[in-house]
Amino acid sequence: RAAMAQDMCSLKAQLEEKEKEIAALRSKLAQLEKSHTSALELHDQVTPLTPVKTKLSLSNEDIMRYSRQLLLPELGVQGQLNLSKTSVLIVGCGGLGCPLAQYLAAAGIGRLGLLDYDEVELSNLHRQVLHGEENQGQAKALSAACAVRRLNSTVECIPYHLQLSSENALQLIQQYPQPTSVTQTNNVPTRYLVNDACVLSGKPLVSASALRMEGQLVVYNYHGGPCYRCLYPTPPPPETVINCSDGGVLGVVPGIMGCFQALEILKIASGQGSSCGQQLVIFDAQSARFRSIKLRSKQAGCAVCGENPSVTKLVDYESFCGSTATDKCRKLNLLSRDQRITVQDYKAIIDNAEPHVLLDVRPLVEVDICHLPFSLNIPLSSLEERKLEHVRLLQDRISQLKEQLAGDCRPPVYVICKLGNDSQKAVQVLEKMSGSEMDSITVKDICGGLMAWAKRIDPTFPQY
Amino acid sequence: MYVLLNAVRCISDIFLFLGGAELLFNGVKEHHVTLPSQSEPWDMKQLLVWIQQNLLKERPELFVQGDSVRPGILVLINDADWELMGELDYQLQEQDNVVFISTLHGG
């Protein structure tokens, strides 16, 4: 027994020593990484760039590194040299931008501008595969640039931590003489802004998008093909635009589309040319099918690339689209103050054990992620369609509640969703139904929804 | 994926709703339909009205605007942009394949 105790003691001592060693190694690594990153200067404004160095021939190292693609007659030495002369601006270092930057760097593109105004969050990592856990909170542009540099240090990376605007977009895009590739962000104003800036500076725009289980790709403003405005002269109504944080996206779908963008850019940059200039590629991940659609040509009446353009400089895109240029969710304000309560008010209602119905109007798939234990789930769409079984379910709960309540008061129904937008719409629907399609109720919205509940009342409640 | 119909003046169309546009049609992406026969050939303008009356029950403003589709929806006829085919005036043929795509903005 004494021998065993001694053994344990010695093992513990050894462990301690090893742990010290590990800590020392960690700090050494961290220092090295820091010096490595500091060489990458994060730009928060557009500054003039020196032209990309022109290579006249490939070095032995280049030949070894790119040998497998040099063997392709479609690329060859000239194609590789063309790549090394090319600079590409990537707008958005997210689900599309990450694989795009990765493959362009791997293939030996000359210069990569990486633009993103956001920081890395945990919920990005399932699709934005250049960023790691340790990059959370770091500027995405910098995180992506570091990852790209690890892959190919001969590629010049310029990370921009700024929001593209009518003031800086032209100046920035004009600094990228060869094809400007743009992987677009979630919002409509930025798409029009980037399109117009590309048309005004005569650059092709390699554009892709992905949502849920689908992707789309077009090369705009290229070889007589349409620009974004030729296809979509009028912006869509803001309420029809769904982003990744609302609609969801399977990470590999933007991954595939980002790789597709890289392919088209490499073809343009090396001199082969893209065949997507007048073609829309749609990827349906569910059925694993690609469809190629022949698009209209450049439109003579287009406001920016047509014969008599009305847009000759960048305009105010937020007011043109009626929405803001962020990827964040819009906040609706449909109700008056007395139709809404705060999460704190709702906490007090629970604490006082006041009888009520809590109605969660999110889709079932979100309710499966998390919900409050005492809530009744009826998705907003079912309410809007007045689905019989759901209306009955709600009516049953209200009848039960009425029995608990003395007198003939209107039973209180509190409506909740993720962020407090759908719940407001549901309140409007329920107010229409109250007293006609079912018993009279008092219905109120819980402001800010479950995410406000998680932030302000119960920090153990999951956020998504 | 085609439905063949031999009936005179009956047209078989396949509608595909992609990019979220299917959500307006109960999440069903592929609709195989037979349009009622009429003396004149069906054109796209009439088809949009027919879809609105027969397939789309809720929130028509998310699909149509005026007598055309709302901004942000691209219409394809047999895998080509409908702009190349005459848009609203295009006359439908048997076995035509019409796709409505709503533009995606995610990434």
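Residues numbered from 1 in each chain as written. Chains lettered and ligands numbered in written order. Predicted model: local features only at pLDDT ≥ 70, side-chain atom pairs only at ≥ 80, totals over all residues. Heavy atoms only, no water.

The name given to chain B in an unreviewed UniProt entry is Ubiquitin-related modifier 1, with Mastacembelus armatus as the source organism. The annotation that UniProt attaches to chain B under Sequence similarities (unreviewed entry) is "Belongs to the URM1 family." On record in UniProt, under Pathway (unreviewed entry), the comment for chain B is "tRNA modification; 5-methoxycarbonylmethyl-2-thiouridine-tRNA biosynthesis." (UniProt positions renumbered as here; feature names shortened; annotations may be inferred.)

Identification of chain A as Adenylyltransferase and sulfurtransferase MOCS3 from Mastacembelus armatus is taken from an unreviewed UniProt entry. Among the UniProt annotations of chain A, the heading Sequence similarities (unreviewed entry) holds the following wording: "In the N-terminal section; belongs to the HesA/MoeB/ThiF family. UBA4 subfamily."

Undergrad: I keep staring at the overall build of chain A and nothing clicks. Help me out?
TA: Check the secondary structure of chain A and you find 18 helices and 13 strands. Here the C-alpha coordinates of chain A stretch approximately 90 × 90 × 40 Å along the principal axes. For chain A, with 464 residues in total, the buried portion stands at 52%. Once local pairs closer than 6 in sequence are excluded, the contacts in chain A between residues at least 24 apart make up 70%. Total accessible area on chain A is roughly 22700 Å²; 53% of this is exposed by carbon and sulfur atoms. Computed over 47 positive and 48 negative side-chain charges, the separation of the two mean positions in chain A equals 5 Å. (Helix = DSSP H or I, 4+ residues; strand = E, 2+ residues; numbered from the N terminus. Buried < 20%, exposed > 50% of the residue type's maximum accessible area, 1.4 Å probe, protein only. Contact = heavy atoms within 4.5 Å. Areas by Shrake-Rupley, 256 points an atom, 1.4 Å probe, with all protein chains shown as cover. Lys, Arg positive; Asp, Glu negative; His and termini not counted. Charge placed at Lys NZ, Arg CZ, Asp CG, Glu CD.)

Undergrad: Sorry if this is basic, but what is going on with the interface of chain B and chain A here?
TA: A common way to state how big an interface is: give the accessible area lost once the parts meet. In this assembly, 32 residues from chain B lie in contact with 40 residues from chain A. If you sort the residues of chain B by the area they bury against chain A, L104(B), H105(B) and G107(B) come out on top, with a joint share of 26%. For the pair chain B and chain A, the number of links is two salt bridges. Taking the shortest distance from any N to any O, the salt bridge between D79(B) and R291(A) comes out at 2.9 Å. Where chain B touches chain A, the interface holds eight residue pairs in polar contact (both at pLDDT 80 or more). Counting residues per element, the side of chain B that touches chain A draws most heavily on strand β7 (residues 97-102) of chain B, which supplies four residues. (Buried area = accessible area lost by both parts, 1.4 Å probe. Salt bridge = Lys/Arg side-chain N within 4 Å of Asp/Glu carboxyl O. Polar contact = N/O pair within 3.5 Å; in protein donor to acceptor, adjacent residues only side chain to side chain.)

Undergrad: For this particular structure, what's the right way to read unusual backbone geometry?
TA: Leave glycine aside and you will find that most residues have negative phi; peptide bonds, for their part, are mostly trans. Residues and elements named next belong to chain B. Phi at N78 is positive, roughly 50°, even though this residue is not glycine. Non-glycine residue Q95 carries a positive phi angle of around 65°. Its place among the elements puts Q95 in the loop between β6 (80-81) and β7.

Undergrad: When you look at a nonpolar patch on the surface in this model, what are you seeing that I'm missing?
TA: All names here are of chain A. A contiguous nonpolar surface patch, about 340 Å² in accessible area, is contributed by L250, V252, I256 and F290. By secondary structure assignment, the location of F290 is in strand β8 (residues 289-294). Residue classification places F290 among the partly exposed residues on the basis of a relative accessible area of 45%. (Patch = residues over 30% accessible without salt bridge, like charges linked within 9 Å, V, L, I, M, F, W, Y side chains within 5 Å.)

Undergrad: Which parts of the structure should I look at to understand the pairing of strand β10 (residues 357-360) of chain A?
TA: Within a regular strand, side chains alternate between the sheet's two faces. All names here are of chain A. Neither face of β10 is exposed, since V357 and L359 on one face and L358 and D360 on the opposite face are all buried. Relative to strand β11 (residues 376-377), β10 runs parallel, the two sharing two bridges. Note that in β11 the partner of L359 across the bridge is L376. In terms of handedness, the path from β10 via helix α14 (residues 364-369) over to β11 forms a crossover that is right-handed. (Pairing = 2+ DSSP bridges. Right-handed = clockwise from strand over helix to strand, strands pointing away.)

Undergrad: Help me understand the pattern of salt bridges, please; the structure alone is not making it clear to me.
TA: When charged atoms on two side chains of opposite charge get close, those side chains can pair. Residues and elements named next belong to chain A. Inspection of every chain in the model, using the stated rule, returns 14 salt bridges over all chains. Ionic pairing is found between R340 and D445, a salt bridge with its closest N-O pair at 2.7 Å. In this pair, R340 is assigned in strand β9 (residues 340-341) and D445 in strand β13 (residues 442-446), connecting sequence segments 105 residues apart. In this structure R340 comes out as buried when scored by relative accessible area, which is 18%. Given a relative accessible area of 0%, D445 falls into the buried group.

Undergrad: Looking at this structure, how should I read the side chain of K203(A)?
TA: Residues and elements named next belong to chain A. Residue placement: K203 occurs in the loop between α8 (188-200) and β5 (205-211). One buried charged residue, K203, remains without a salt bridge, the closest side chain of opposite sign being D196 at 15 Å. Within polar-contact distance, the side chain of K203 engages the backbone oxygen of Y176 at 3.0 Å.

Undergrad: I tried to follow the domain arrangement of chain A on my own but got confused; where do I start?
TA: We note that the domain assignment places domain 1 (37-321) and domain 2 (337-456) within chain A. With centres defined by C-alpha atoms, the gap from domain 1 of chain A to domain 2 of chain A works out at 44 Å. (Domains from an automatic or database assignment.)

Undergrad: It is not clear to me how the packing of aromatic side chains should be interpreted in this structure. Could you clarify?
TA: Applying the stated criterion across every chain yields a total of nine aromatic pairs over all chains. Clustering of aromatic rings is evident, with ring pairs tying together Y192(A), Y220(A), Y228(A), Y232(A) and F320(A). (Phe/Tyr/Trp six-rings, centres within 6.5 Å; stacked < 30°, edge-to-face > 60°.)

Undergrad: Looking at this structure, I do not really get the UniProt feature "modified residue: 1-thioglycine" (unreviewed entry) in chain B. What am I missing?
TA: Residues and elements named next belong to chain B. The UniProt feature table records "modified residue: 1-thioglycine" (unreviewed entry) at G107. In this fold, G107 is placed in the segment after β7. By relative accessible area, G107 is classed as buried at 15%.

Undergrad: Which parts of the structure should I look at to understand the UniProt feature "active site" (unreviewed entry) in chain A?
TA: Residue and element names in this part refer to chain A. When the UniProt feature table is mapped to this numbering, "active site" (unreviewed entry) covers C244 and C417. With respect to the helices, strands and loops of the structure, C417 is situated in the loop between β12 (412-416) and α17 (422-433). The exposure class of C417 is buried, given its relative accessible area of 3%. Apart from the residues lying within four places of it in its own chain, the contact partners of C417 are D360, V361, R362, D422, S423, G449 and L450.

Undergrad: When you look at the packing of helix α13 (residues 343-351) of chain A against helix α18 (residues 449-456) of chain A in this model, what are you seeing that I'm missing?
TA: Between two packed helices, what matters for the description is the angle formed by their axes and the separation of those axes. Residue and element names in this part refer to chain A. Packing of α13 against α18 leaves a shortest axis separation of 10 Å and a crossing angle of 80°. The angle between α13 and α18 falls in the class roughly perpendicular. In this structure, α13 contributes V343, Q344, Y346, K347 and I350 to the contact, and α18 contributes G449, A452, W453 and R456. Of the residues that constitute the contact of α13 with α18, the class distribution is five nonpolar, two polar and two charged. (Axes fitted to C-alpha atoms, helices over the stretch in contact; angles between N-to-C directions. Parallel < 35°, antiparallel > 145°, perpendicular 65-115°, else oblique. Nonpolar A, V, L, I, M, F, W, Y, C, P; charged D, E, K, R; others polar.)

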